[in-house]
Each structure stands twice: as C-alpha cells, then as structure tokens.
Number of protein chains: 2
Amino acid sequence: MSLNLRIPGPMPLPPDVLEATGRPMINHRGPEFAEIINRMTRNMKTLLETSGDVYFMTSSGTGAMETAIVNVLSPGDAVLSVSIGVFGDRFGDIAETYGAEVTRLKTELGEAAEPKAVSEALSGIPDCKAVLLTHNDTSTAVQNDIAALSEVIRSESKALILVDAVSSAGGSPLAVDAWGLDMVATASQKAWMAGPGIGIIAVSKRAWAAHETSTMPKFYFDIAQYQKFLDIGQPPFTPALSTIYGLDLALQQLADEGIENVISRHAERAEQTRRGVQRIGLELFCDVSVASDTVTAIKVPDGVDAKAVVARMRDEYEVEISGGQGPLAGKIWRIGHMGWCEPEHIDDCIDVLEKVLAELK
Amino acid sequence: MSLNLRIPGPMPLPPDVLEATGRPMINHRGPEFAEIINRMTRNMKTLLETSGDVYFMTSSGTGAMETAIVNVLSPGDAVLSVSIGVFGDRFGDIAETYGAEVTRLKTELGEAAEPKAVSEALSGIPDCKAVLLTHNDTSTAVQNDIAALSEVIRSESKALILVDAVSSAGGSPLAVDAWGLDMVATASQKAWMAGPGIGIIAVSKRAWAAHETSTMPKFYFDIAQYQKFLDIGQPPFTPALSTIYGLDLALQQLADEGIENVISRHAERAEQTRRGVQRIGLELFCDVSVASDTVTAIKVPDGVDAKAVVARMRDEYEVEISGGQGPLAGKIWRIGHMGWCEPEHIDDCIDVLEKVLAELK
C-alpha cells in the first residue's frame, strides 16, 4: 500500500517507525518497558520544553483533553472556553460535562482568538479558574498565538491555562514552561510521527497544586496514578504497546533532530503546501498570519463537488485529503503536513488535486 | 526475539496478527475503516453471544471498567461491589470515585464469591442499582461462576449486573445475553489474541435504559458517542489503529474457529498447566473448582525467593511469568495461558520453572 495519507492525522509513519509497531509484546511491568517509558518521558519533556511532568495515557487526543480538565477543576468552577472551531467547542463541552461553569468565547470560523477579546471575556468572569485554549484547530486549520494569549491571561488573572495542543505540539513552536502553560494535551498520531493510541499530557507545578483540591471524578485519567507508577518505571494501566514502540522510536529521532529543526521543517512544509495550493489557482481558507503549521485548509471553488474530489483522489490516485467538518462540510478541503512528511508527499498531493479538479470539470 | 511471555496479559501474538499490527495508517473516517469496525463489531457480538451492542474504546481494560460504571450509574446510587482480588477492589474504587454508595463484599484471597453470600449482601441494600462482579481476577487466578451469581441477582433484585470480564472473555464460557449481563468489559490483550490498547464493552437494553437517567459525568467513555459514530462506520475518537488491525484479524480467526472450540482450547491449556505444575511438585494456589481458564496461580514453596525465580527464568531462558500483587507478592507465581497459547508454550514454561527451581536450590 502506498497511500499518501494527507488528512490531519493519523499520518503515514516513517518505515522504521512502522516496523517498530510490529514488534512482539513484552511485559509492561518489566525492565524493558521501564527503559522505554523513561526514555519517552525524557524525550517528550525536551521536545515540549518543560521541566514539569509528562504522562502517556492509552487514549486519543480527546482523552488527553479530558485529562487536562478533570485533574485540575471542580464542579462549579468558572471556566473560560476560547473556541476557534470544532475542537475548541469540544474542550468546552468536556468541562461542561464534568460540571464546570463554562463561558464561551467563539471566533468566526477561519479566525484566531484575539488577546484583547480574551482579556475582555476574562474581566467579566470573577474567580475564573481556568482558560481553555486550542493551539491549532484542525477543523479550520487556524493556529492561535498561544504565547500572546497566555501572556494576557497570566498578567490579568490567576486562571490556569489548559491547552489543546493535540495537532500542534511537535509541529509548531510550543514552549510549555516559558509560556506558563499548566496542562498541555497532545497525541501520538499528529506531529509526533507515530500511530494513534497514546494521549500525552504535560503538567505544571500550578496544575499539581490545583489537582490537590480538584473534585471532578477521575480514575483512568487521574495523573496521580500515572506519577505513582512512573516512579517505578511502569504505566498504571496496560498501555497500547504497538503504538508505544513506534512513538518511542519517533520521539528519539525527533529529539536527535532537535526541536528547532523539527519546527522549521514543519514551517517549510506548510509554506510549500500554501504555495502549491495557490499555484494551482485555489484560495486558502484563512489568512496566512493565522495559518497552521500542521494542516492547511483550502476553499472549495464554487460549483465543485468537494466530496467527489476527495473520493476520486483516494480511489484513483491513492492520495487522501479531508473535507470540512460541520458547517464547513463541502466548503473546504484540508491537507495534513505534520509528522513524517517529505516535500514529495506535498507535491504529489497538490499535483493529484490539480489533476482531479481538471478531470471533474 | 523469542520470548515466551506467560504473564496474565499481554500475551504473545500469533505471527500473522503481529504482522497485521505493522500495517500502514489509514483514514479512520474512511470506507476501509468502516469495513473493519463493522466486521469487528459483528464478530465480537458472536463471540460474546449477545445481540446487544458492542463498542471498542482506545483504552486499557480499566478504561472499559470505567465505561461500565459511568454510563449507567449516578452519584449516590447504591452499588454492591463483590471482590475476589485486586481487580474486584478496583471496580469498586471506580464506582466510589464517581460518587456511588459502594457496599463491599470481599472473599478470602483464593476463593470465589458464593451466590448465597451475594444474596445476603444484596438483601441488606435497598434499591441496589448495580452489582459489580469480576469474572476472573488475574491477581488470584480465581474465576467466579457468573451464571450462578447472575441468576441469584436477577431473581432477587432489579440491580444491573456489571461484569469485569477483562481477562476471561474469549477464554471462559460467557453468555452475555443468556446470563442477563448488562455491562461487560473486556480488553484486546487478554484472550482475544491481540495487543493491548482496545477496551471493549457489551451493553444490554437494560443498560441503555439506565444510561438515559445516568448522571455520572462521561465524555471520552460515553457509549452514546460510540453508537452515534458506529451508525456511520466510524469511531468517535481516533483509535489505536495498529492494535485494531491485529484485533480485527484475531477476532475473525476466533469467529472462524467457533467460540465453543476457543473455550475448550482454553480449558485444555488450563488443565495442561495445572497438571504440569503439580507434576514438578508445586501446589496450586486455589482449588481446581474455582481455578481460572486463562491464568494459573502457584504457591511459592517455603524458602524460595519468588522474584529471583522470575528474573532467572526471564534473563536466562526467555520465559516470563508474573509474581503476586499486593498481599500475595512473594507468595504466588502466575502463568498466563490465554489468547495465542500452544501446548509447547506451556511445556516450555513448566520445564524452565522446574529447571530454575533446581538451579536456585
């Protein structure tokens, strides 16, 4: 199978990472696993630029987002949920499900959150316990300026900053400690060059303090369990070993490459994608100033059947891109360029898109 | 690597299943995945002997146990938790964490739960909303008679029956519908011949009715989300694809083999293990009448360093068994014989155990 999978995750795996996923099972409470989990933790801390804690849960990115919420909040807590798309809405929904009092700030689809708007919203919420931010919303391919948003929040309140960095971490600049972020959620299948199945959470000291008084119920996602077992080189619960094998290797490769290089590689692919799309006469969905480093959204030209294009690209040319979700269905296409993504992957994708558009005219 | 992994899960994978885990990534919202999830669901229903619903979550078995609790209960609900070991305690802990009023019934370690004791406990709990049962507790290698327990519970109360069948399903008789079980949790890495990473839940009509009024918070583990997406052949959240590939193939093989044959194969391996252990002069931890079909516990002879035996078996002979947990640490060994387990795996394990015991004398 030579599918050029260009959806916003999962992404194709580098051949050696793919091979690693096929390794035989081992005892997750034995010395070999201890080596793996300790190495993964060390590398992930380096890559996220944090000296805080990092844990790996067997879950999707949504599981990591739930982990961010339930470990630091209590029912009734006032929370500001800043949404720039489907995944921002979801972050707020999780908090609401667990009993938080959620105030929602939503941008127009295709726009990023303005620090000023967040500041204003925040000033209307006394004792705001946490602000929920999306770093990169794959539904719109818009990226927030987390550093700027965080600066405003930190200077004007004591609110914890919980960040959905599922599809940005490892692909966009993200300095967890320097930016003062408290819970940062990401997932293995996005920029980390591994398969899906592992949710990742970075936890600050302030988050741990909040954990002490947090009363939202948690068991499977309780970070205290993860820390307790990490102390003895184990996971609290049997982990998705196949995904772990690949992720461990991928994180080592990324750490060897150096996070600055990983980030600039992603910026280059994003730039290549945007240029390619425009070269074949298509329009970007959002302004370049807020465009994502990991996924690009393209406007579907008037009169073109978006779904037919996706299906023909996949069925005839083995290139798979995504359509839009919810209100953007039929209006945009999305091309993923995170994780393992060579310039040829992008060229092939753009060429096939151009060809199929011509064929379906 | 030719490790004979004889812990109570994860187990070694059949070569073709292992190969399947190494398959390239696909779109989890595309037609190929729809085929996989629909086939897995169909096969799992057959194997669990249920016409009810079955869902696959990216999680460990504990995640599936949490799914069983949070979807049908509300804070304040009276629950009877019947524990025969570590995992029974955990099931009660999860319910308590989410606010249930949990009454605990615990057996001596090494014993199964008596229907009469459950009946008595139940009569002391007015409006008992659910009874939590463990089918097979890997910590003691004791198996409950779920059919008999369920009969008592169903005849004497309206309590829902939630079963941790994580390490029994697919290895021991388990007729979900015929026995009137409401939520049955299991996991990919036990008898199902796949790697860890996928929790599985079977849901009865009564459980769905309880879901309607359940107020325990749930998002990632909300079965309503799983059903909504299964209707369009999708998972609600990005699943652990590598594990899914293997599980899909394994479930097809098990369905082809036929559940009766799968069960008797497990019974044979269990019998072989028990005989082998006794042949080399060791004593079983529990009575054969309550002995597990999927894992066997052995008493560590007086004066023998249990940990040293495990380490030497692993380091010198590439056979890995488990020690005891909690109060049983140092007192028992546990040999897993679920999933892919050929007679040679057992013979090799017993031979090496005998050899190492002689060497360490």
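If you're wondering where the values come from, they're calculated on a predicted model, not measured in any experiment.

Concerning helix α4 (residues 86–97) of chain A
Residue and element names in this part refer to chain A.
- Over its twelve residues, α4 runs 16 Å from end to end, which matches the ideal 16 Å to within 8%, given 1.5 Å per residue.
- For α4, the elements touching its buried residues are α3 (61–70), β3 (78–83), β4 (101–106), β5 (128–134), β6 (136–137) and β8 (160–164).
- Of the residues flanking the end of α4, it is Gly99, one or two places downstream, whose phi is positive at about 100 degrees.

Structural notes on unusual backbone geometry
- Here the bond from Gly9 of chain A into Pro10 of chain A is cis, since omega is -5 degrees, no more than 30 degrees from zero.
- Assignment of secondary structure puts Pro10 of chain A in the loop between β1 (4–5) and α1 (15–21).
- The phi angle at Asp127 of chain A is positive, at roughly 55 degrees, despite the residue not being glycine.
- With respect to the helices, strands and loops of the structure, Asp127 of chain A is situated in the loop between α5 (115–123) and β5.
- Of note in this structure, Met193 of chain B is not a glycine but carries a positive phi near 65 degrees.
- Mapped onto the elements of the fold, Met193 of chain B is located in the loop between β9 (183–187) and β10 (198–203).

What to know about the pairing of strand β5 (residues 128–134) of chain B
Residues and elements named next belong to chain B.
- The buried count for β5 comes to seven of seven residues, which makes it a mostly enclosed element.
- In terms of strand pairing, strand β3 (residues 78–83) meets β5 through four bridges, oriented parallel. Paired with Val79 across the strands is Ala130, a residue of β5.

What about the packing of helix α11 (residues 306–317) of chain B against helix α12 (residues 343–359) of chain B?
Residue and element names in this part refer to chain B.
- α12 packs onto α11 with a crossing angle of 115 degrees between their chain directions and a minimal axis gap of 10 Å. Comparing their axes, α12 and α11 come out roughly perpendicular. The way α11 lies across α12 gives a crossing that is right-handed. Between α11 and α12, the residues in contact are Val309, Arg312, Met313 and Tyr317 and Val352, Leu353, Val356 and Leu357, respectively.

What about the relation of the copies chain B and chain A?
- The two copies are related by a screw motion: chain B maps onto chain A through a turn of 180 degrees and a shift of 0.0 Å along the axis, at an RMSD of 0.0 Å. Taken together, the rotation and translation relating the two chain copies correspond to the operation of a two-fold axis. Rotation axis and chain B: the residue whose C-alpha lies nearest the axis is Gly22 of chain B, separated from it by 2.1 Å.
- Both copies present the same face, since 100% of the interface residues in chain B are matched by interface residues at the equivalent positions in chain A.

Overview of the domain arrangement of chain A
Residues and elements named next belong to chain A.
- Considered domain by domain, chain A is made up of domain 1 (4–10 + 259–359) and domain 2 (15–256).
- The centre of domain 1, based on its C-alpha atoms, is set 26 Å off from the matching centre of domain 2.
- Listed by partner, the interface residues are 25 residues for domain 1 and 28 residues for domain 2.
- For the side of domain 1 that touches domain 2, the secondary-structure elements that each account for two or more residues are α10 (259–279) and β11 (295–299).
- Among the elements that line the side of domain 1 that touches domain 2, the one with the most residues is α10, at four residues.
- Partitioning the side of domain 1 that touches domain 2 into residue classes produces 15 nonpolar, eight polar and two charged.

Let's talk about the environment of Gly276 of chain B
All names here are of chain B.
- With respect to the element layout, Gly276 can be found in helix α10 (residues 259–279).
- C-beta crowding within 10 Å serves as the criterion here: with 19 such atoms nearby, Gly276 is assigned to the partly exposed category.
- With 78 residues separating them in the primary sequence, Gly276 and Glu354 have C-alpha atoms 9.9 Å apart.
- Apart from residues lying up to four places away in sequence, Gly276 is in contact with Ile346 and Ile350.

Re the interface of chain B and chain A
- Across the contact, 44 residues belong to chain B and 44 residues belong to chain A.
- When residues in the side of chain B that touches chain A are grouped by element, the largest group, four residues, is from helix α3 (residues 61–70) of chain B.
- Grouping the constituent residues of the side of chain B that touches chain A by class yields 21 nonpolar, 20 polar and three charged.

A look at the environment of Phe56 of chain A
Residue and element names in this part refer to chain A.
- Assignment of secondary structure puts Phe56 in strand β2 (residues 53–58).
- For Phe56, a count of 26 C-beta atoms within 10 Å gives the class buried.
- C-alpha separation for the pair Phe56 and Ile37, spaced 19 residues apart in sequence, amounts to 8.5 Å.
- Every residue in contact with Phe56, bar those within four places of it in the chain, is listed here: Met40, Ile198, Ile200 and Pro239.

Things to note about helix α8 (residues 223–230) of chain A
Residue and element names in this part refer to chain A.
- Every buried residue of α8 is listed here: Ile223, Tyr226 and Leu230. Projected down its long axis, α8 carries its buried residues within an arc of 55 degrees, all on one side.
- Looking at the buried residues of α8, the elements they touch are α2 (31–47), β2, α3, β10 (198–203) and α7 (205–213).

Quick look at the sheet that holds β2 of chain A
Residue and element names in this part refer to chain A.
- If you trace the seven strands from one edge of the open sheet to the other, you get β2-β10-β9-β8-β5-β3-β4, paired in mixed fashion. With partners counted over all chains shown, the strands left at the sheet margins are β2 and β4, one partner each. Strand after strand, the sheet turns through a mean of 20 degrees between neighbouring axes, direction not considered.
- Here β3 pairs with β4 via six bridges, running parallel. Bridge pairing in β4 links Ser83 to Lys106.
- Sheet strands in contact with α7 are β8, β9 (183–187) and β10, and its direction is about 105 degrees off that of β8.

Regarding the environment of Trp340 of chain B
All names here are of chain B.
- Relative to the assigned elements, Trp340 resides in the loop between β14 (332–336) and α12.
- Put simply, Trp340 and Glu96 are 244 residues apart on the chain and 35 Å apart in space, counted from C-alpha to C-alpha.
- With near-sequence residues (within four places) excluded, Trp340 lies in contact with Met11, Pro12, Leu13, Pro14 and Met193.

Regarding the pairing of β11 of chain A
Residue and element names in this part refer to chain A.
- Extensive coverage of β11 is indicated by the burial of four of its five residues.
- Inspection of the sheet shows β11 paired to strand β14 (residues 332–336) by five bridges, in the antiparallel sense. Looking at the pairing, Thr296 lines up with Ile335 of β14.

Some words on the sheet that holds strand β13 (residues 322–323) of chain B
- Taken in spatial order, the three strands line up as β11-β14-β13 (chain B) in an open sheet, and their pairing is antiparallel. Only two strands of the sheet have a single neighbouring strand rather than two, namely β11 (295–299) and β13 of chain B.

Quick word on the packing of helix α5 (residues 115–123) of chain B against helix α6 (residues 146–156) of chain B
Residue and element names in this part refer to chain B.
- Between α5 and α6, whose axes approach to 9 Å, the crossing angle comes to 30 degrees. One element, α5, and the other, α6, form an angle in the roughly parallel class. As α5 packs across α6, the resulting crossing turns out to be right-handed. Taking contact as the criterion, the partners of Pro115, Val118, Ser119 and Leu122 in α5 are, on α6, Ala148, Leu149, Val152, Ile153 and Glu156.
- Its residues placed into classes, the contact of α5 with α6 shows seven nonpolar, one polar and one charged.

What counts and what doesn't
- Residues numbered from 1 in each chain as written.
- Chains lettered and ligands numbered in written order.
- Predicted model: local features only at pLDDT ≥ 70, side-chain atom pairs only at ≥ 80, totals over all residues.
- Helix = DSSP H or I, 4+ residues; strand = E, 2+ residues; numbered from the N terminus.
- Expected span 1.5 Å × (residues − 1).
- Contact = placed C-beta atoms within 7 Å.
- Buried ≥ 20, exposed ≤ 12 C-beta atoms within 10 Å, placed from the backbone.
- Pairing = 2+ DSSP bridges.
- Axes fitted to C-alpha atoms, helices over the stretch in contact; angles between N-to-C directions.
- Parallel < 35°, antiparallel > 145°, perpendicular 65-115°, else oblique.
- Left-handed = near helix turned anticlockwise from the far one by under 90°.
- Least-squares fit on C-alpha atoms with pLDDT ≥ 70 in both.
- Domains from an automatic or database assignment.
- Nonpolar A, V, L, I, M, F, W, Y, C, P; charged D, E, K, R; others polar.
- Arc of directions from axis to C-beta.

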